[in-house]
Amino acid sequence: MAVVDHRTATFVAGNRLDAAREASRTDYTVLWLGLLSVLYNGILAFINHNIMPLSMTHVAASEGLIMASAIIYILHKGIYETDLPAFLFLLFTLIVTIYVSVLNRMLFIDHFRNVLIIFCFTGLGSWSNEKTMKLAFRWASLAVMIFLIFEIVSVPFYVSIVHPSDYFANTRGLLPLSYNTTGLFQNALGFPERFSFGIIDHRSSSIFLEQVSLANFCGVIAVYLISMWEKLSRWDRLLMIGTAVLILVTNDTRTMLIFCFACIVGYFVFPKIPKNFNLALMPLIVAAGFLVYVLKPNATGDNFTGRINLTMKKIMELDPLAVLGLSVDRVAEFADSGYVYLIYAATIFGVIALWLFVCLFPAGRTAAQRRCAHSLSLFIFLNMMIGGTAVFSMKIAGLLWFVVGYMRFHDSPRIRQGRPADVLS
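The protein chain is annotated in an unreviewed UniProt entry as Polysaccharide biosynthesis protein of Rhizobium aouanii.

A separate point is the nonpolar core. Counting residues in hydrophobic clusters, the biggest one holds 129 residues, and the most contacted among them are Phe-137, Phe-217, Phe-379, Ile-380, Phe-381 and Trp-401. Counting residues per element, this core draws most heavily on helix 14 (residues 338-360), which supplies 14 residues. Leave out the neighbours within four places in its chain, and Phe-137 touches Val-220, Tyr-224, Met-240, Leu-399, Phe-402 and Val-403.

Turning our eyes to something else, we now look at the environment of Tyr-40. By the secondary structure assignment, Tyr-40 is in helix 2 (residues 28-50). The buried category is assigned to Tyr-40, whose relative accessible area is 5%. A polar contact is formed between the side chain of Tyr-40 and the side chain of Asn-41, at a distance of 3.4 Å. Within the structure, the side chain of Tyr-40 is placed 2.5 Å from the side chain of Glu-63, a separation counted as a polar contact.

To continue, consider the pattern of salt bridges. Using the criterion set out here, one finds 7 salt bridges in the structure. The partner of Glu-130 in a salt bridge is Lys-231, with the nearest N and O atoms 3.7 Å apart. Here Glu-130 is found in helix 6 (residues 130-153), whereas its partner Lys-231 is found in the loop between helix 9 (211-228) and helix 10 (234-251), with 101 residues between them in sequence. Under the relative-accessibility criterion, Glu-130 is labelled partly exposed at 25%. Between Arg-138 and Asp-236 there is a salt bridge; the shortest N-O distance is 2.8 Å. Within this pair, whereas Arg-138 is found in helix 6, its partner Asp-236 is found in helix 10, the two being separated by 98 residues in sequence. By relative accessible area, Asp-236 is classed as buried at 4%. Via salt bridges that share partners, Glu-130, Lys-134 and Lys-231 belong to a single interconnected network.

Here helix 15 (residues 367-386) is 20 residues long and its end C-alpha atoms lie 29 Å apart, about the 28 Å a rise of 1.5 Å per residue gives. A large share of helix 15 lies buried, amounting to 19 of its 20 residues.

Now for the packing of helix 14 against helix 15. Between helix 14 and helix 15, whose axes approach to 13 Å, the crossing angle comes to 165 degrees. Comparing their axes, helix 15 and helix 14 come out roughly antiparallel. In this structure, helix 14 crosses over helix 15, and the sense of that crossing is left-handed. Within the contact between the two elements, helix 14 uses Gly-338, Tyr-339, Leu-342, Leu-354, Trp-355, Val-358 and Cys-359 and helix 15 uses Leu-376, Ser-377, Ile-380, Phe-381, Met-384 and Met-385. A class-by-class count of the residues in the contact of helix 14 with helix 15 yields 11 nonpolar, 2 polar and no charged.

Once that is clear, we can look at a nonpolar patch on the surface. A cluster of nonpolar side chains, Phe-87, Leu-88, Leu-91, Leu-94, Ile-95, Ile-98 and Val-102, forms an exposed patch at the surface whose accessible area comes to about 620 Å². Among the structural elements, Ile-98 can be located in helix 4 (residues 84-104). What makes Ile-98 partly exposed here is its relative accessible area of 48%.

Overall, the coordinates contain 12 aromatic pairs when judged by the stated rule. Between the aromatic rings of Tyr-167 and Phe-168, the centroid separation amounts to 5.6 Å while the plane-to-plane angle is 70 degrees, which identifies the pairing as edge-to-face. The same class applies to Tyr-167 as to Phe-168, namely buried. On the numbers, 5.3 Å between centres and 45 degrees between planes, the contact of Phe-208 with Phe-217 is tilted. Considered together, Phe-208 and Phe-217 belong to a single accessibility category, that of buried residues. Taken together, the ring pairs connect Phe-89, Phe-357, Phe-361 and Trp-401 into an aromatic cluster. Here the basic side chain of Arg-408 rests over the ring of Phe-361, its NZ or CZ set 4.3 Å away from the ring centre.

Let us look at empty space enclosed by the protein. On inspection of all chains with the given rule, the structure shows 1 cavity of 30 Å³ or more. Each pocket or cavity is described by its volume, and for the largest cavity that value is around 90 Å³. Along the wall of the largest cavity there are 13 residues; nearest its centre are Asp-83, Ala-86, Thr-122, Gly-123 and Ser-126. Mapped by element, the contributors of at least two residues to the lining of the largest cavity are helix 5 (110-127) and helix 16 (394-409). In terms of residues, the lining of the largest cavity owes the most to one element, helix 5, which gives 4 residues.

Procedures and definitions
Residues numbered from 1 in each chain as written. Predicted model: local features only at pLDDT ≥ 70, side-chain atom pairs only at ≥ 80, totals over all residues. Heavy atoms only, no water. Core = buried A, V, L, I, M, F, W, Y, C linked by side-chain atoms within 4.5 Å. Buried < 20%, exposed > 50% of the residue type's maximum accessible area, 1.4 Å probe, protein only. Helix = DSSP H or I, 4+ residues; strand = E, 2+ residues; numbered from the N terminus. Contact = heavy atoms within 4.5 Å. Polar contact = N/O pair within 3.5 Å; in protein donor to acceptor, adjacent residues only side chain to side chain. Salt bridge = Lys/Arg side-chain N within 4 Å of Asp/Glu carboxyl O. Expected span 1.5 Å × (residues − 1). Axes fitted to C-alpha atoms, helices over the stretch in contact; angles between N-to-C directions. Parallel < 35°, antiparallel > 145°, perpendicular 65-115°, else oblique. Left-handed = near helix turned anticlockwise from the far one by under 90°. Nonpolar A, V, L, I, M, F, W, Y, C, P; charged D, E, K, R; others polar. Patch = residues over 30% accessible without salt bridge, like charges linked within 9 Å, V, L, I, M, F, W, Y side chains within 5 Å. Areas by Shrake-Rupley, 256 points an atom, 1.4 Å probe, with all protein chains shown as cover. Phe/Tyr/Trp six-rings, centres within 6.5 Å; stacked < 30°, edge-to-face > 60°. Lys NZ or Arg CZ within 6 Å of the ring centre and 35° of its normal. 1 Å grid on protein atoms, 1.4 Å probe; cavity = no way out; pocket = protein on both sides within 12 Å on 5 of 7 lines; lining within 4 Å. Points joined across faces, edges and corners; volume = space filled by probe spheres on them.

Shown next, in the form of C-alpha cells:
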C-alpha cells in the first residue's frame, strides 16, 4: 500500500510540475496556426497586389497547408478518448460527403472542409495552454484593429496595402462593378437605407477584406471575452473591447450588436443555465423565425425581419429530395441562408450531427465553460438564421473553435496522459 501511495504521489507531483512547465511556455506551432487562420487572406491580398497575381489555387493551397499542419500536430500528440467526439463527427461527415458525392455524381466536399476546420482547431485549442491562447487572440485582435484604423483614416492607404477588389477578382472571379472605383470589395459599399452609425461611408472590412467576416470576428471576440474574462489582464480586456466596439460602430452589423448585448447579459445568466439547454436553442430560434414570418409575411430587404423571412421561405420551399442529399447542385443558391445551405450540402443527418456537436462538445463543468457553451450555440444558430456560411470559414471558425477546444480542458490540462493506445484500449 505504501508503495502504491508513493507512486500515486509521485505521479501527481509529476503532473503538477508538467502543468507548471506547460503553462509557462509558448507553443509557437499552435500560436502561428491560430494567427494564420485569421491573417492568411490579408497576407495573400498583400502578395496579390504588391508582388504577384494570385488565383483561387493559392487560397486553397494556403488553407490546405494550415489544416495539414494542424492535423500533423494533432496526430503527433495522439488521439485520446476525450478526442473521440470531434473525431467521430469528422468521420461521420466524411461518410455523408461520400454518400452525397456518389448520389449526385460529383465531388462535393464543402461541408467536409467546414467540419475539418472545426476538428483541426478544436484539436489545437485542446492542446494549447493559457499563455499561447491569449497571445493568439491578442495579436489577432491587434492586427484587426490596426488595419481597421488604416481603413477608417484613409481608404486609399488601406487599398494600397491589400486592394480587396483586385484580390476577390483574381481569386474568386468577382469582378468589380462599374460604380466601384474605391478598390474595396463591392459588398462592403452598402446602400443608403442600411442600418449605420455613420462613422464611415462604407462597411468596414479590416484584415478580412470583406465586411461579413469582420462582423463575425466581433462575435468571436465576444465568445472569448465571456469565456476568459476572469483570467484576462486589464490591457487584454481593453484591447478586445476596443476592437469589438470599433467593429460595431463601423461595420453596421445589427446581428453582432444584438449578440454582444446578449453576451453581456449572458455573463451573469449563462452560468445558471444547464449546458444541455443548448439542445433546445436551435429549435427555439427556428420557431421564433417562423413566428416572425407569420406576423410579417411580406417583410423583405436587408434588415433583420427581411433576412429571417428569406430563410424561412427557403426552408418552407425545400426540395424534398434535398433533405436526403439529392440536390447538392443547387447549394450555391442558399449561401445567405445557413440552415437551408446545410441541408442541401450535408443532408438532414449532417444538420442533426452539427446541432448535436455544437451543443454537446463544449464542457459545462464550470461557470466559464457554460458561458463558452451557451455563447457558442447562440452565435452559430443565430447566424445561421440571418446569414449563410461565414461562420464556417477558417477566418472565423479557426479562433472560435480554438477557444472552444481550450475551454473544454481549461480546468484539466492535457499532460502526461499516457500513450494514446493505452487510453483507447
